[in-house]
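# Geometric and topological summary
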Amino acid sequence: VSPEFSNMRFGLSFTVPGGLSKRWDDNFQEASAGEFTLEILEINPTLAYKLHDKVSVAGGVRLVHSSGRVSSTAAPAGALDSLSRELENGESNDVGYNLALTVKPMDNLTTAITWRSKVDLTLDSDEVTLQAIGSGGFAFLSDIYTGSGEVTVPLPEVLTVAVAYTIKDTTIELSWDRTFWSDYDELDFDYDQSFLYEILPSVDHPFANFDNPIAKDFNDTDAYRIGVSHRMMEDRLTLMAGFAIDETPVPDHSLGFELPDSNAKMYSAGFRYKLNDQYELGLAYLYSDKEERTIEANDGNDSIEGEFKNAAAHMITTSLAMKF
């Protein structure tokens, strides 16, 4: 964040707004998600303008780089031993925007609302391979394809409303996120058209499962967060703690092994310590506890029936802040 000039400040951030990586070794799961990896990095330059001592607005550009890899191996019935799909080095560069409004009705109360636009991640790859292995380990050469492919995944709109209230040395922060995951209707891999006509002449072809669109029908979700920070030792040390409830967008009927998600409760704690007037060191820990999730026969899921449990994530963050 820059110093103020003519009631304006310039900001620049590097964030990870999404992403996932799932790997499965068992045959049944490997048929749809032997590996499903999506990495996202966002560079976000912003400009904020102070309309009044208590009101500011801001806008910025979302420059999003994404990369991904997909690997699936199925064992169909009949003469084929296996069908496999590999999408390597899929990459995309996409653009969106963000807007913000901050209002400070009292010296110790700050409110804010932000909007982050939808960004379609259109991952292209020139390294797509589909292969069929026949009985005895012999490859059917007519069914081996190496060429280009594309898959589009939305990074959805996010509306955030937040408030921070300070009482002496303690600040309490509350926020609500509404993520518009209903943008995600289906997962569809598109291949080179000449390949489609040559290798996939009908939906009965054994590779059709790697080409047919997969319905997702995600739901919009809410996340609720509370954070508390307390300054001590003449403001040199700040202690922090937080809690959040984060809903899953994945409905029962489209839950898949690439994202067997469930509602989560998140707990965090950490501290920031001022080494001097210029440098500040930070350390924090977050634990995400996923709820158990059961998919039953009457839930409409054609590929999964069973239970996901004991899912969790641990994250440690370190930071070094510099003022100049």
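Quick caveat, the model's predicted, so the values are computed rather than measured.

### Describing the overall build of the protein
From N to C terminus, the protein includes two helices and 20 strands. The 324 residues of the protein split such that 34% are buried. A sequence separation of at least 24 residues applies to 65% of the contacts in the protein between residues at least 6 apart. Roughly 18,600 Å² of accessible area belongs to the protein as shown, and the carbon and sulfur atoms make up 56% of that amount.

### Some thoughts on the pairing of strand S3 (residues 35-52)
The sheet contact formed by strand S1 (residues 8-15) and S3 spans eight bridges and is antiparallel. The partner of arginine 9 across the bridge, within S3, is alanine 48. Of the strand pairs in this sheet, strand S2 (residues 19-23) and S3 are connected by five bridges, and their pairing is antiparallel. Bridge assignment links glycine 19 to a residue of S3, and that residue is glutamate 39.

### Structural notes on the confidence of the model for the protein
Summarising the model, the protein shows a mean pLDDT of 87, and 88% of its residues fall at 70 or more. Taken together, the stretch residues 199-203 has pLDDT below 50 and engages in eleven contacts with residues farther than four places along the chain or on a different chain.

### Observations regarding the packing of aromatic side chains
According to the stated counting rule, one finds seven aromatic pairs in the structure shown. Here tryptophan 181 and phenylalanine 218 contribute two aromatic rings whose centre-to-centre distance is 5.8 Å and whose plane-to-plane angle is 70 degrees, an arrangement assigned as edge-to-face. Separated by 37 residues along the polypeptide, tryptophan 181 in the loop between strand S10 (170-179) and strand S11 (186-187) and phenylalanine 218 in the loop between strand S13 (214-215) and strand S14 (221-232) bring together distant segments of the chain. The exposure class assigned to phenylalanine 218 is buried, which follows from its relative accessible area of 8%. Ring pairing ties together the aromatic residues Trp24, Phe28, Phe257 and Phe308, which thus form one cluster.

### A few points about the environment of valine 163
Along the chain, valine 163 falls in strand S9 (residues 158-167). A sequence separation of twelve residues divides valine 163 from serine 175, and the C-alpha atoms of the two residues are 6.4 Å apart. Aside from chain neighbours lying at most four places away, what touches valine 163 is Leu109, Thr110, Thr111, Ile172, Glu173 and Leu174.

### Structural notes on the environment of glutamate 42
Mapped onto the elements, glutamate 42 comes out in strand S3. Residue class for glutamate 42 comes out buried when judged on its relative accessible area of 0%. Remark: the alpha-carbon pair of glutamate 42 and valine 95, spanning 53 residues in sequence, is separated by 9.5 Å. Reaching out from glutamate 42, the side chain makes a polar contact with the side chain of arginine 116 at a distance of 2.6 Å.

### What about the nonpolar core?
Ranked by size, the top nonpolar core spans 26 residues in total, and within it Leu38, Ile40, Val64, Leu121, Leu155, Leu187 and Phe189 carry the most contacts. Every element with two or more residues in this core is listed here: S3, strand S4 (55-74), strand S7 (119-134), strand S8 (145-155) and strand S12 (189-191). Of the residues forming this core, the biggest block, five residues, is contributed by S7.

### Observations regarding unusual backbone geometry
The phi dihedral of serine 6 falls on the positive side, at around 50 degrees, and the residue is not glycine. Here serine 6 falls in the exposed class, since its relative accessible area comes to 62%. A positive phi is found at lysine 168, a non-glycine position, where the angle reads about 55 degrees. Tracing the backbone shows lysine 168 in the loop between S9 and S10.

### Considering the pattern of salt bridges
For the structure on display, the rule yields 21 salt bridges. Residue arginine 178 is joined to aspartate 222 by a salt bridge in which the shortest nitrogen-to-oxygen separation is 3.0 Å. Taken together, the positions of arginine 178 in strand S10 and aspartate 222 in strand S14 put the pair 44 residues apart, joining distant regions of the chain. According to the relative accessible area criterion, aspartate 222 is buried, its value standing at 12%. Salt bridges here are not isolated pairs; linked through shared partners, they connect Arg23, Glu35, Arg69, Glu86 and Glu88.

### Looking at the side chain of threonine 221
Following the sequence through the fold, threonine 221 ends up in strand S14. Residue threonine 221 is classed as buried on the basis of its relative accessible area, which comes to 4%. Beyond its immediate sequence surroundings of up to four residues, threonine 221 is in contact with Asp177, Arg178, Thr179, Trp181, Glu247, Thr248 and Pro249.

### As for the environment of aspartate 124
With respect to the helices and strands, the residue aspartate 124 is situated in strand S7. Those residues within four positions of aspartate 124 in sequence are excluded, and the remaining contacts are Asn89, Gly90, Glu91, Gly149 and Glu150.

### Considering the side chain of serine 92
With respect to the secondary-structure elements, serine 92 resides in strand S5 (residues 80-106). Judged by relative accessible area, serine 92 falls into the buried class, the value being 5%. Those residues in contact with serine 92 that sit more than four places away from it in its chain are Val64, His65, Ser66, Leu121, Thr122 and Leu123.

About the cut-offs
- Each chain has its residues counted from 1, following the order in which its sequence is written.
- Under the rules for a predicted model, residues below a pLDDT of 70 receive no local features and side-chain atom pairs below 80 are neither given nor counted, while totals for whole chains, interfaces and linings still include all residues.
- Side-chain descriptors were evaluated using all non-hydrogen atoms of the structure, hydrogens and water having been removed beforehand.
- Strands are runs of DSSP state E lasting at least two residues, helices are runs of H or I lasting at least four, and both sets are numbered from the N terminus onward.
- Classification of residues uses two cut-offs on accessible area relative to the type maximum, computed with a 1.4 Å probe and protein chains only: under 20% is buried, over 50% is exposed, and between them is partly exposed.
- Throughout, a contact is declared for two residues whenever any of their heavy atoms are within 4.5 Å.
- Areas reported as accessible are Shrake-Rupley estimates using a 1.4 Å probe. Residue values count occlusion only from the protein chains shown.
- When DSSP finds two or more bridges between two strands, those strands count as paired.
- For every residue, the predictor assigns a confidence score, pLDDT, that lies between 0 and 100.
- Here a Phe, Tyr or Trp ring, Trp counted by its six-membered ring, pairs with any other such ring whose centre lies within 6.5 Å, and the pair is stacked when the planes are under 30 degrees apart, edge-to-face when over 60, and tilted otherwise.
- Within 3.5 Å is the distance limit for a polar contact, defined as a pair of N or O atoms, with the added protein rule that one can donate a hydrogen and the other accept it, and that residues adjacent in sequence qualify only through two side-chain atoms.
- Grouping buried Ala, Val, Leu, Ile, Met, Phe, Trp, Tyr and Cys residues that are joined through side-chain atoms within 4.5 Å yields what is termed a nonpolar core.
- For this analysis, a salt bridge means a side-chain nitrogen from Lys or Arg found within 4 Å of a carboxyl oxygen belonging to Asp or Glu.

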